[in-house]
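Here's the letter readout for the chains.
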Amino acid sequence: MDSKFSKIIKNNMPWIILIVISIIFSFFSPNFFKIQNIINILNQNAFVIVCAIGITFIMMSGQIDLSVGYQMSLIGVTIGLLNKNYNIGTIGMILIAVLMGVLLNILNMTLSIKLNIGLLMVTTATSMLYQGLSFTISGSKAVGGFPDSFKKIGQANFFGTRIPIAVIIMLFFAVIMELFLTKTYWGRHIYAMGGNEDASRLAGIEVIKTKYLIGVIAGVFVGISTVMLISRLGSVNSSSGPGTEFTVLIGILLGGVSVRGGEGRLSGVVAGILIMAILSNGMQLAGFGVYLQYVVKGIIMLAAIGIDVYQLNHQKIIDEKLN
Amino acid sequence: MNNDTILRISHISKKYPGVLALNDVSFDVKKGQIHALMGENGAGKSTLIKIISGAIQPSGGSVIINDTEYKSLTPALSSQLGIGVIYQEFNNVPSLSVVENVFLGKKIGGRFCPDQKLMNQKAQEIFDKLGVNIPLDIQTRRLSPAQQQIVEIARALSSDVKVLIMDEPSASLAMAEVERMLRIVKSLRDEGVSIIYISHRIDEVLDIADTLTILRDGKHIETRPMKGVDRKEIIRLMVGRELNETYPARTTPIGGPILELEGVSGNGVHDISFELKKGEILGLAGLIGAGRTELGKVIFGEAKKDSGTIRYKGKPVDFHSAGQALSSGIGYISENRKEEGVFLNFPVDWNITISALKKNSRYGFVNRKNLEVLADKMVSRFRVKTPSQLQLVRNLSGGNQQKIALAKVLALDTDIIIFDEPTRGIDVGVKQEIYHLMNELIENGVSIIMISSEMEELLGMSDRIVVLHEGRKMGEVMKKDFDQQKILTLASGIALEDKE
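Residues numbered from 1 in each chain as written. Chains lettered and ligands numbered in written order. Predicted model: local features only at pLDDT ≥ 70, side-chain atom pairs only at ≥ 80, totals over all residues. Heavy atoms only, no water.

*Asks:* Whenever I open this one, the environment of glycine 89 of chain A confuses me. Can you help?
*Replies:* All names here are of chain A. Among the secondary structure elements, glycine 89 is positioned in helix H5 (residues 89–115). Residue classification places glycine 89 among the buried residues on the basis of a relative accessible area of 18%. Counting along the chain gives 60 residues from glycine 89 to serine 149, while the straight-line C-alpha distance between them is 8.9 Å. Beyond its immediate stretch of four places on either side in the chain, glycine 89 contacts Asn83 and Pro147. (Helix = DSSP H or I, 4+ residues; strand = E, 2+ residues; numbered from the N terminus. Buried < 20%, exposed > 50% of the residue type's maximum accessible area, 1.4 Å probe, protein only. Contact = heavy atoms within 4.5 Å.)

Set out below in structure tokens:
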């Protein structure tokens, strides 16, 4: 079962599932395969994918971050208010978003490293903290009045084509970070650390530095993702963002990143998020109720974890005669 | 410093709060020698190698490598100086490919991106040199323990290693694999690499070492050439006293069959038939992967039996859980003591009584008095060395942990014990005590199935040995016919020609 063909199938499982699900939904709804619907799906989910790119690095190292959505809420409200009160402009908003993303993730990482507890526990606490801060400074009110150039990021198309700018940004980062992860030393160190932290440290990999690197990368993409989200919405309130963490988490798992870390690829993650998106979109077009959609998504997530564990337990040990 | 000395340990001490782990230890390691480092658990071997590898810093003294004195080292510096370490617990990243593990943490290729082709080529060269054939691109978790260890040796060789430290390299290998590993170690020595070889297994050390250093209680006892050293002498140096009759004899008569297996298959074993007699120690021999532990788990109800019959005291039984087997009087003591044998973070009495809670309770409420009595009885019966019943098992020595695992099983009225690697990682002195305990159990009417990878122990303790190979029974050897060669032959899957 180790032939080239079965290996290609296995490595691209998320894309195969994506195609199968798309075909199924095209029977339910004739509108599904229309170009405009597909562009809409991509456009609406570009920010989720960009966010997932960053969070994939965290999951790859064997950790789970639950605070992403609340980070986005806090970042979005902050840059919205800074723009409204101090007129920091598009560039200022982007820079501060990225900077805040990095700071919040470094804070999560530092707490996790210094207290020697999992990121899951840390971010359970900090998500509450970030949410509270976000509501406090926004006063639960929406903030708008973004500059036009800022709104274009999430609303305009790329130079007279029908492709939204957000989709271009998403593709650009997906490709760059896939290359970073698979081709560079730092990317491989992240895989190694996720697979076995002790072995990595003893092999001379700077585990702590690598963790902070992961924090920085995750932060950058959370910041960019926030910008993409609120520029598409045209305004921001403290409820913009929360919820994203679970979509991202499920998408990454569906994309083949192992819950134990050390395994998976970004191309799979893109497919994983799109699977979730198409499920929502397809089920809506097919007239499924919202509650039923939750049931379906829950079952799919269980299946994704189950397959991951099953594959691990059923790997054949290679022990052919040596010598 | 002589020019054939490559590494000098000079007055090294290491203080921990309340403990002096190493006390003024000095000795030289010569170029191109296999230097055995022996001592009981707690003698300071691991602390010493951690100092040489830079994982911890000494409180005093220095390490001299190639005429340069180092008051302390870091992992990176130590590795630069040509010191490689293969730790006891395998240190591979299971999710990465073999080739990535060989070059873990190293930069082969350009400034930013590794060169996959070059890595493959270099890894293949190393494996060729070692004379082994391991596929380069598969995930390392799919390799057997023996192969994973070779990957680690390859990692050490991928940098220019001058001193290779091996901490209990044979602990998780079966007999034939140990032989191959020893061959590799010898060929490395012949190429001029110095090897510091830490092992509990005296036979291995007698076989390969050129020089012997013994540590006891953090102190350096002796460093001497292996010539003229025998097993007794090594034990005397390690323990500090004479130990006689390593394998104590038994006088208990062997009775009729208590457990009979007929064509048992499942959990990776096929068509196994044998019987265990009352008052007998039945040895289960075989290489790693032969299915010994797997068979033990089938008998114990931990794994599913697909076909065949198990008769216990004459009646067919079919246990679906460990709990059922335990309450019927069959106990299993795992080879993974720390994971499956004891609860490290719980106290002694808690550990001993955990299986016997139901027996000592009424209407679901446990009888504390009974449990206290039981725990006290067990601690004195097994001579567990612990300051109190409330001591966490984590803080006991390996031998005493093993006694606790045994006591836990015997807190129920147990008739059969499946004992998986009873003395793995246990000191010579305490080993004997375990053997005495096993004999005591036999005298009290218990029968034992002993799974072991140590040939000496199998031959010394068993009344009969059943040999498995790749999940099948290869043969059965009676005590009068015990012979190491015979068992090794069967274990490697070759049937004996002259079957009496």
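*Asks:* Mind showing me how you'd approach the nonpolar core here?
*Replies:* Generally speaking, a soluble globular protein has its nonpolar side chains buried in company with each other. Formed by 88 residues in total, the largest nonpolar core has its most connected members in Ile55 and Phe57 of chain A. When residues in this core are grouped by element, the largest group, 14 residues, is from helix H3 (residues 35–60) of chain A. Among the nonpolar cores identified, the runner-up in size contains 79 residues, and Ala290, Ala356, Ile404 and Met474 of chain B belong to it. (Core = buried A, V, L, I, M, F, W, Y, C linked by side-chain atoms within 4.5 Å.)

*Asks:* Would you mind showing me how to read the interface of chain B and chain A here?
*Replies:* Interface extent is often summarised as the accessible area lost during association of the parts. Taken together, the contacts link 37 residues of chain B with 30 residues of chain A. Both sides of the chain B and chain A interface together cover about 2,800 Å² of buried area, and 52% of this is carbon and sulfur. The tally of links between chain B and chain A comes to 2 salt bridges. A salt bridge links arginine 188 of chain A to glutamate 100 of chain B; its shortest N-O distance comes to 3.1 Å. Secondary structure elements with two or more residues in the side of chain B that touches chain A: helix H4 (116–130), helix H5 (145–158) and helix H6 (175–190) of chain B. Class assignment for the residues of the side of chain B that touches chain A results in 15 nonpolar, 12 polar and 10 charged. (Buried area = accessible area lost by both parts, 1.4 Å probe. Salt bridge = Lys/Arg side-chain N within 4 Å of Asp/Glu carboxyl O. Nonpolar A, V, L, I, M, F, W, Y, C, P; charged D, E, K, R; others polar.)

*Asks:* Is there a simple way to think about the domain arrangement of chain B in this case?
*Replies:* Residue and element names in this part refer to chain B. Looking at chain B, the domain boundaries give domain 1 (5–239) and domain 2 (257–491). On a C-alpha basis, the centres of domain 1 and domain 2 stand 33 Å from each other. There are 1 salt bridge connecting domain 1 and domain 2. Linking arginine 231 and glutamate 456 is a salt bridge whose minimum nitrogen-to-oxygen distance equals 3.6 Å. Contributions of two or more residues to the side of domain 1 that touches domain 2 are made by H6 and helix H8 (231–239). (Domains from an automatic or database assignment.)

*Asks:* What's the story with the sheet that holds strand E2 (residues 19–30) of chain B in this structure? I'm lost.
*Replies:* Hydrogen bonds between backbone groups are what pair the strands of a sheet, and the pairing can be parallel or antiparallel. Residue and element names in this part refer to chain B. The antiparallel open sheet is built from 4 strands, whose spatial order is E2-E1-E4-E5. Because the sheet does not close on itself, it has two edges, and the strands there are E2 and strand E5 (68–70). Between one strand axis and the next, the sheet turns through 20° on average, direction left out of account. Where strand E1 (residues 5–16) meets strand E4 (residues 60–65), 5 bridges bridge the pair, whose relative direction is antiparallel. Within E4, the position partnered with leucine 7 by the bridge is isoleucine 65. Sheet contacts for helix H1 (residues 45–53): E1, E2 and E4; angle to E1, the most-contacted strand, approximately 115°. (Pairing = 2+ DSSP bridges. Axes fitted to C-alpha atoms, helices over the stretch in contact; angles between N-to-C directions.)

*Asks:* What's the story with H6 of chain B in this structure? I'm lost.
*Replies:* Side chains of residues three or four places apart in an α-helix project in the same direction, reflecting 3.6 residues per turn. All names here are of chain B. The first and last C-alpha atoms of H6 sit 23 Å apart over 16 residues, in line with the 22 Å expected at 1.5 Å per residue. Buried residues of H6: Met175, Glu177, Val178, Arg180, Met181, Leu182, Ile184, Val185, Leu188 and Arg189, and no others. Looking one or two residues beyond H6, the residue adopting positive phi is glycine 192, at roughly 100°. (Expected span 1.5 Å × (residues − 1).)

*Asks:* What is the right way to read the environment of glycine 131 of chain B from this model?
*Replies:* Looking at the secondary structure, you find glycine 131 of chain B in the loop between H4 and H5. Expressed as a C-alpha distance, the spacing of glycine 131 of chain B and arginine 180 of chain B, which sit 49 residues apart in the sequence, is 10.0 Å.

*Asks:* Could you clarify how one ought to interpret a nonpolar patch on the surface in this entry?
*Replies:* All names here are of chain A. Where nonpolar side chains cluster on the molecular surface, the patch consists of Phe5, Ile9, Met13, Ile16, Ile17, Val20, Ile24 and Phe28 and spans about 700 Å² of accessible area. Broken down by secondary-structure element, the contributors of at least two residues to the nonpolar patch are helix H1 (4–11) and helix H2 (13–28). At 6 residues, the largest contribution of residues to the nonpolar patch is made by H2. By relative accessible area, which is 31% here, isoleucine 16 ends up partly exposed. (Patch = residues over 30% accessible without salt bridge, like charges linked within 9 Å, V, L, I, M, F, W, Y side chains within 5 Å. Areas by Shrake-Rupley, 256 points an atom, 1.4 Å probe, with all protein chains shown as cover.)

*Asks:* Hey, could you run me through the side chain of threonine 414 of chain B in this one?
*Replies:* With respect to the helices and strands, the residue threonine 414 of chain B is situated in the loop between helix H14 (398–410) and strand E19 (416–420). Within the structure, threonine 414 of chain B has its side chain in polar contact with the backbone oxygen of valine 409 of chain B (distance 2.7 Å). (Polar contact = N/O pair within 3.5 Å; in protein donor to acceptor, adjacent residues only side chain to side chain.)

*Asks:* Where do I start with the pairing of strand E14 (residues 307–312) of chain B in this structure?
*Replies:* Two faces belong to every sheet, and in a regular strand the side chains alternate between them. Residue and element names in this part refer to chain B. Sheet analysis places strand E11 (residues 257–266) next to E14, joined by 5 bridges and oriented antiparallel. In the strand pairing of E14, glutamate 262 is matched with threonine 309. Two elements, E14 and strand E15 (residues 315–317), share 3 bridges in a ladder whose sense is antiparallel. Each residue of the ladder has a partner; that of isoleucine 310, found in E15, is valine 317. Where E14 folds back onto E15 in an antiparallel hairpin, the turn is made up of 2 residues, including lysine 313, whose phi is positive at roughly 50°.

*Asks:* What should I look at first to understand the environment of lysine 304 of chain B in this one?
*Replies:* Residues and elements named next belong to chain B. Of note, lysine 304 is situated in the loop between helix H9 (292–299) and E14. On a C-alpha basis, the gap between lysine 304 and asparagine 267 in space is 6.5 Å, while along the polypeptide they are 37 residues apart. Leaving out residues up to four positions away in the same chain, lysine 304 has contacts with Gly266, Asn267 and Val298.

*Asks:* It is not clear to me how helix H11 (residues 207–233) of chain A should be interpreted in this structure. Could you clarify?
*Replies:* Residues and elements named next belong to chain A. Taking 1.5 Å of rise per residue, 27 residues should cover 39 Å, and H11 covers 39 Å from first to last C-alpha, within 8% of that figure. With 19 of 27 residues buried, H11 is to be regarded as a mostly interior element. The positive-phi residue at the C-terminal boundary of H11 is glycine 234, with phi of around 85°.

*Asks:* Explain unusual backbone geometry here, please?
*Replies:* Residues and elements named next belong to chain B. Its identity as a non-glycine residue notwithstanding, asparagine 267 has a phi of 55°, on the positive side. Its relative accessible area of 33% is what places asparagine 267 among the partly exposed residues. Backbone geometry at arginine 383 places phi at a positive 50°, although glycine is not the residue there. With respect to the helices and strands, arginine 383 occurs in the loop between helix H13 (368–381) and H14.

*Asks:* Would you explain the side chain of glutamine 63 of chain A in this entry?
*Replies:* Residues and elements named next belong to chain A. Looking at the secondary structure, you find glutamine 63 in the loop between H3 and helix H4 (68–86). In terms of polar contacts, glutamine 63 uses its side chain to reach the backbone amide nitrogen of leucine 119, at 3.0 Å. Apart from the residues within four sequence positions on either side, glutamine 63 is in contact with Ile58, Ser112, Gly118 and Leu119.

*Asks:* Explain the sheet that holds strand E7 (residues 163–167) of chain B here, please?
*Replies:* Residues and elements named next belong to chain B. In space, the 6 strands of this open sheet follow the order E6-E7-E8-E3-E9-E10, with mixed pairing throughout. Of all strands in the sheet, those with a lone pairing partner are strand E6 (83–86) and strand E10 (219–225), marking the two edges. On average, each strand axis in the sheet is tilted by 15° relative to the strand beside it, whichever way the strands run. Pairing analysis gives 4 bridges linking E6 to E7, with the strands arranged parallel.

*Asks:* Would you take a moment to explain the pairing of E4 of chain B for this structure?
*Replies:* Residue and element names in this part refer to chain B. With 3 bridges connecting them, E4 and E5 associate as antiparallel partners. Within the sheet, the bridge partner assigned to isoleucine 64 lies in E5 and is glutamate 69. Hairpin remark: E4 followed by E5, antiparallel, with 2 residues in the connecting loop; positive phi at asparagine 66, about 50°.

*Asks:* How should the pattern of salt bridges be read in this particular structure?
*Replies:* All names here are of chain B. The final tally for this structure, using the stated rule, is 36 salt bridges over all chains. Close ionic contact of arginine 224 with glutamate 233 constitutes a salt bridge, the shortest N to O distance being 3.6 Å. Between glutamate 335 and arginine 424 there is a salt bridge, and its shortest N-O distance comes to 3.5 Å. Here glutamate 335 is found in the loop between strand E16 (330–333) and helix H11 (337–341), whereas its partner arginine 424 is found in the loop between E19 and helix H15 (428–443), with 89 residues between them in sequence. Relative accessible area serves as the criterion here: at 22%, glutamate 335 is assigned to the partly exposed category. Given the relative accessible area of 24%, arginine 424 is considered partly exposed. Three or more residues are tied together by salt bridges with common partners; here these are Glu222, Arg224, Glu233 and Arg236.

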